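Residues per chain, in single letters:
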Amino acid sequence: MPTDVDRPRAVRPGEEVDGGRTPGLLAHGAAGADRPLEIRQFPSGYSNLTYAVSSGTQEFVLRRPPFARPSSRPTTWGRSTGCWPGCIPSIPRRRAPSRTATTPRSSAPFYVMERVNGVILRAQPAPTPADLPLVSARRLGLAVVDELAAIHALDVDAAGLADLGRPAGYIARQIDGWTRRYQRAQTDGIPQLDAAASWLHANLPAEADATLIHNDYKHDNVVLAPDDLTRVIAVLDWEMCTLGDPRMDLGTTLGYWIEPDDPPALAGMFGLTTLPGTPTRADVVRRYGETSGRDVGDPLFFYVYGVFKIAVIVQQIYARYRQGHTQDPRFAPLIHVVRGCGEMAAAALASGRISQGV
């Protein structure tokens, strides 16, 4: 089992964080905060930068935006992971409020949260059927869906999150916003994505009730118990969380839920769900409806939205690489992932289905 994927390593050149000049890095009286900091970097992930920070016996995780990208609004980072202690057990507790991380090249908002020791499965190196046999792969997939339903069941008023977002008009704003981001970051002509954006604009569904939504929920954003890889113990990467239609959140998850017949470029980046025994996208929708009690209806719109949104996220990363803002060699082939998303959206619109043969 590839359990060492997310062990921190030396910080990549140009992405250093100066712990000695970072104010309040270990705030709120953390033991060992007066000792020298050791900062290492988690090598996985394609968007925000993640560091392991240790001081004495204390271990924390620092998150900040990538270089050469406009920083998220301070309110977005201020509300991120762990700012609602006790609301959802799987959210790691935040140890410091959003502040400014000093680096050799820039300053940026950041937050520090507790480190949850567990297993994060990645597509590379991919687990095998021996690591996750049929029954375990199915149980893991269902557990991931059930955790998403639990997030959507949170009482946002009781949690003090009623002002987290603007639910009214959320769907239309998302389609407009992701279309603009794609147009700004576009490097190659991909007609299938242009067609998907046009279809989404023309087929906006009526909005459902608003819930807390994660907005980037997928297998490698959950931490699993080391002794039971079918049990979720933490959910990470809450920078895009807000209040909105939970079916849009489900759609993002469906976009990441790659099946064996999907384009190979996507399997290389998001392919954990191609393991034998893993529920299909259609299974995910059924399970979510059963667990949440929500009527998803026809999931086609939400799936196409998820695929388009993922294409835009990957396109933005690839554009930064093309512009020379990062030298990370993993980014060079990402245009093939963007094209693969276009293929998936086109296939879904042609067939009216979100899963092969369904």
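Our structure is the block above this text.
In this numbering scheme, every chain counts its residues from 1 along its sequence in written order. Only residues with pLDDT of 70 or above have their local features reported here, since the model is predicted, and side-chain atom pairs are shown and tallied only from 80 upward, although totals for entire chains, interfaces and linings are computed over all residues. Side-chain descriptors were evaluated using all non-hydrogen atoms of the structure, hydrogens and water having been removed beforehand.

> I would appreciate a short explanation of the overall build of the protein in the present structure.
Secondary structure elements follow DSSP: runs of H or I no shorter than four residues count as helices, runs of E no shorter than two count as strands, and numbering proceeds from the N terminus. Helix and strand content of the protein: 9 helices and 9 strands. For the protein, the residues scored as buried account for 54% of the 358 residues in total. Any two residues whose heavy atoms approach within 4.5 Å at even a single point are treated as in contact. Residue pairs at least 24 apart in sequence account for 73% of intrachain contacts in the protein once pairs closer than 6 positions are excluded. Accessible surface for the protein amounts to roughly 14900 Å². Of this, 50% is attributable to carbon and sulfur atoms. The classification of residues rests on relative accessible area computed with a 1.4 Å probe and restricted to protein chains. Under 20% of the type maximum is buried, over 50% is exposed, and intermediate values are partly exposed. Here the Shrake-Rupley method, with its probe set to 1.4 Å, supplies the accessible areas, and only the displayed protein chains count as covering residues.

> Whenever I open this one, the side chain of His219 confuses me. Can you help?
Within the secondary structure layout, His219 lies in the loop between strand 6 (211–213) and strand 7 (222–225). Those residues in contact with His219 that lie beyond four places of it in its chain are Leu140, Gly141, Val144, Trp257, Leu272 and Thr273.

> So what exactly am I meant to see when it comes to the packing of aromatic side chains here?
How two aromatic rings sit relative to each other is set out by the distance from centre to centre and by the angle between their planes. Under the pairing criterion, centres of Phe, Tyr and Trp rings, with the six-membered ring standing for Trp, must be within 6.5 Å; the plane angle then separates stacked pairs below 30 degrees from edge-to-face pairs above 60, leaving the rest tilted. Overall, the coordinates contain 4 aromatic pairs when judged by the stated rule. Measuring from centroid to centroid gives 6.0 Å for Trp199 and Phe301, while their planes differ by 35°, and the two rings are tilted. Taken as a pair, Trp199 in helix 4 (residues 191–202) and Phe301 in helix 8 (residues 300–322) lie far apart in primary sequence, 102 residues in all. For the pair Tyr256 and Phe270, a centre-to-centre distance of 5.0 Å together with 75° between the ring planes defines the contact as edge-to-face.

> Explain the pattern of salt bridges to me, please; I cannot follow it from the model alone.
Opposite charge on two side chains permits pairing when their charged atoms draw close. What makes a salt bridge here is a side-chain nitrogen of Lys or Arg within 4 Å of a carboxyl oxygen of Asp or Glu, nothing more. For the structure shown, the criterion picks out 10 salt bridges. Among the salt bridges present, the one from Arg322 reaches Asp188, with a minimum N-O distance of 3.7 Å. Of this pair, Arg322 sits in helix 8 while Asp188 is found in the loop between helix 3 (170–185) and helix 4, placing the two residues 134 residues apart along the sequence. According to the relative accessible area criterion, Arg322 is partly exposed, its value standing at 48%. Between Arg339 and Asp188 there is a salt bridge; the shortest N-O distance is 3.4 Å. Pair noted here: Arg339 is in helix 9 (residues 334–351) and Asp188 is in the loop between helix 3 and helix 4, with a separation of 151 residues, a long-range link. Each of Asp188, Arg322 and Arg339 takes part in one network of salt bridges that share partners.

> Is there a simple way to explain the nonpolar core in this structure?
Across soluble globular proteins, nonpolar side chains show a tendency to be buried alongside one another. The criterion is simple. A nonpolar core is a set of buried Ala, Val, Leu, Ile, Met, Phe, Trp, Tyr and Cys residues joined through side-chain atoms within 4.5 Å. Counting 76 residues, the largest nonpolar core has Leu212, Phe270 and Phe308 as its most contacted members. Top element by residues in this core is helix 8. It accounts for 15 residues. For Phe308, the residues in contact, after removing those within four places along its chain, are Trp178, Thr179, Tyr182, Leu193, Ala196, Ala197 and Leu200. One finds Val17, Tyr51, Val53 and Leu62 within the second-largest nonpolar core, a separate group that totals 8 residues.

> Would you explain the packing of helix 8 against helix 9 in this entry?
Each pair of packed helices can be described by the angle between their axes along with the distance between the axes. Two numbers describe how helix 8 lies on helix 9: the axes approach to 9 Å, and their chain directions differ by 165°. Judged by the inter-axis angle, helix 8 sits roughly antiparallel to helix 9. Read as a crossing pair, helix 8 and helix 9 show a hand that is left-handed. Contacts between helix 8 and helix 9 involve Leu300, Tyr303, Val304, Val307, Ile310, Ala311, Val314, Gln315, Ile317 and Tyr318 from the former and Leu334, Ile335, Val337, Val338, Cys341, Met344, Ala345, Ala348 and Leu349 from the latter. Axis lines are fitted to C-alpha atoms, over the contacting stretch for helices. Their N-to-C directions set the angle, which ranges from 0 to 180 degrees. Relative orientations are named as follows: roughly parallel for angles under 35 degrees, roughly antiparallel for angles over 145 degrees, roughly perpendicular for angles from 65 to 115 degrees, and oblique for any other angle. Each helix crossing is assigned a hand: it is left-handed if the near helix lies turned anticlockwise from the far helix by less than a right angle, otherwise right-handed if that turn is clockwise.

> Would you take a moment to explain helix 9 for this structure?
Each α-helix turn comprises 3.6 residues. Residues three or four places apart therefore point the same way. Helix length check: helix 9 (18 residues) gives 26 Å between terminal C-alpha atoms against 26 Å at 1.5 Å per residue, within 8%. Taken residue by residue, helix 9 has Leu334, Ile335, Val337, Val338, Gly340, Cys341, Gly342, Met344, Ala345 and Ala348 as its buried positions. Where helix 9 is buried, its residues meet helix 4, helix 5 (246–256), helix 6 (264–270), helix 7 (281–292) and helix 8. Downstream of helix 9 by one or two residues, Gly352 has phi in the positive range, about 75°. Expected span, for any helix, means 1.5 Å times one less than how many residues it has.

> What's the story with helix 5 in this structure? I'm lost.
Of all the 11 residues making up helix 5, 11 are buried; the element is thus mostly covered by neighbouring parts of the structure. Among the residues of helix 5, Pro246, Arg247, Met248, Asp249, Leu250, Gly251, Thr252, Thr253, Leu254, Gly255 and Tyr256 are the ones counted as buried.

> Please explain the side chain of Thr278 as it appears in this structure.
Along the polypeptide, Thr278 turns up in the loop between helix 6 and helix 7. Judged by relative accessible area, Thr278 falls into the buried class, the value being 13%. Two N or O atoms count as a polar contact when they lie within 3.5 Å, although within protein this holds only if one can serve as hydrogen donor and the other as acceptor, and sequence-adjacent residues are included solely when both atoms are side-chain atoms. A distance of 2.9 Å separates a polar side-chain atom of Thr278 from the backbone oxygen of Leu275.

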